[in-house]
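Now for the letters of each chain:
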Amino acid sequence: MSIWTSYRLRLQRKRWKIRARRKGRELTAVQDRTEQIQPTDILLFCTFRNEDIRLPYFLNYYRALGVNHFILVDNNSDDGGQTYVAEQPDVSLWTTKAGYGDARYGVDWLTYLQGKYAHGHWTLTVDVDEFFVYPFCDTRPIRALADWLDASEVRSFGAMLLDVYPKGPVSAATYTRGQDPLKVANWFDSGNYIMTRNARLRNLWIQGGPRARMFFANKPKRAPALNKIPFVKWSRAYTYVSSTHMILPRGLNLVYDQQGGEKTSGVLLHAKFLNTFSGRASEEAHRAEHYGQGQEYKSYAARHGADPDLWCKWSEQYINWRQLEILGLMSKGNWA
């Protein structure tokens, strides 16, 4: 990569940091408990809107992994979720009525808060329907992963987004508040993934899975990206580029082995497809606040009325992380 390109990326990163500070003015603190944060704490950052039904399990899942403090942004919820999380003793909460799309799909708000509170901390950045799975997560807390990455002088950790879905129409996957979503949606595609390398930012670009085969079969290059870098030893100098798909400085995107081996990696189980999906898809298609003015959600509604049956004869039922490693969807690498 040329010196000129490197300079432009540094300049872009500085612009995004400035933009994030400006967008930070859109946030109002509802409950600020950040004085509780200890130097070795692992933090989680997330933006949500009308996710009260999901929030109890989401928080408990990540508490069980070992997350110490949650820093959340509520984007104008009206379902009671804001009140619920504000009462949680390990949560700091901000709220805003500003446009999600105008804040780079929430990235600007989180970048601002990460700059203030995450410097020097291992930091997870996920959505409310994403559940981080890493090697040995059933026996080792996330602190063990962070310590091993520190000892290995690694600053970022990659995870593939893996859509999980029910067997049968999504509308039949009835989800109740506080429930583990994998109890009602635990099937996934083990294959049909394509991967390319972004030469400019050095990240991998992964597409495929059930959304690609069901909603984007005739336009696969427009299928949602599945590459994520959710776990980072944060610095004030960092910023995500597009959701958690890419990050700057670009060296943080090298979460894969360039010599033909396997770096340790994880998976984000993506539990989008529950009976709540139809209403959410219609709402987000109308709001047009997501990427491409909500084109992904418009595709859902147009193709299957937002009530697809994603199961097929090649679907695999989720068991654990070891299954995902055997299938080549994640790797324990040299972490023994």
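The structure we're discussing is the one just above.
No experiment lies behind these values; they were computed from the predicted model shown.

A.B. asks: Looking at this structure, how should I read the side chain of Asn 203?
C.D. replies: Among the secondary structure elements, Asn 203 is positioned in the loop between strand S9 (193-197) and strand S10 (204-208). Under the relative-accessibility criterion, Asn 203 is labelled buried at 1%. Ignoring anything within four residues of it in the chain, the contact list for Asn 203 reads Thr 196, Arg 197, Asn 198, Asn 227, His 245, Met 246, Asn 253 and Tyr 256.

A.B. asks: How should the pattern of salt bridges be read in this particular structure?
C.D. replies: Oppositely charged side chains may form a pair once their charged atoms are brought near each other. This structure, assessed with the given rule, holds 12 salt bridges. Linking Lys 228 and Glu 130 is a salt bridge whose minimum nitrogen-to-oxygen distance equals 3.2 Å. You can see Lys 228 sitting in strand S11 (residues 227-233) and its partner Glu 130 sitting in strand S6 (residues 130-133), a full 98 residues away along the chain. Glu 130 shares its class with Lys 228; the two are buried. Residues Asp 189 and Arg 213 are paired through a salt bridge, measuring 2.7 Å at the closest nitrogen-oxygen approach. Here Asp 189, found in strand S8 (residues 187-189), pairs with Arg 213, found in helix H6 (residues 209-215); they are 24 residues apart in sequence, far enough to count as distant. The exposure class assigned to Arg 213 is partly exposed, which follows from its relative accessible area of 26%. Each member of the salt-bridge network shares a partner with another, and the members are Arg 19, Arg 104 and Asp 108.

A.B. asks: Sorry if this is basic, but what is going on with the layout of surface pockets here?
C.D. replies: Empty space among the atoms becomes visible once a probe the size of a water molecule is rolled across them. As a volume, the second largest pocket reaches approximately 570 Å³. Lining of the second largest pocket is provided by 28 residues; of these, Met 195, Leu 204, Ile 206, Ser 265 and Leu 329 occupy positions nearest its centre. Those elements that place two or more of their residues in the lining of the second largest pocket are strand S7 (156-163), S9, S10 and S11. Here the lining of the second largest pocket is composed, by residue class, of 13 nonpolar, 10 polar and 5 charged.

What counts and how
Residues numbered from 1 in each chain as written. Predicted model: local features only at pLDDT ≥ 70, side-chain atom pairs only at ≥ 80, totals over all residues. Heavy atoms only, no water. Helix = DSSP H or I, 4+ residues; strand = E, 2+ residues; numbered from the N terminus. Buried < 20%, exposed > 50% of the residue type's maximum accessible area, 1.4 Å probe, protein only. Contact = heavy atoms within 4.5 Å. Salt bridge = Lys/Arg side-chain N within 4 Å of Asp/Glu carboxyl O. 1 Å grid on protein atoms, 1.4 Å probe; cavity = no way out; pocket = protein on both sides within 12 Å on 5 of 7 lines; lining within 4 Å. Points joined across faces, edges and corners; volume = space filled by probe spheres on them. Nonpolar A, V, L, I, M, F, W, Y, C, P; charged D, E, K, R; others polar.

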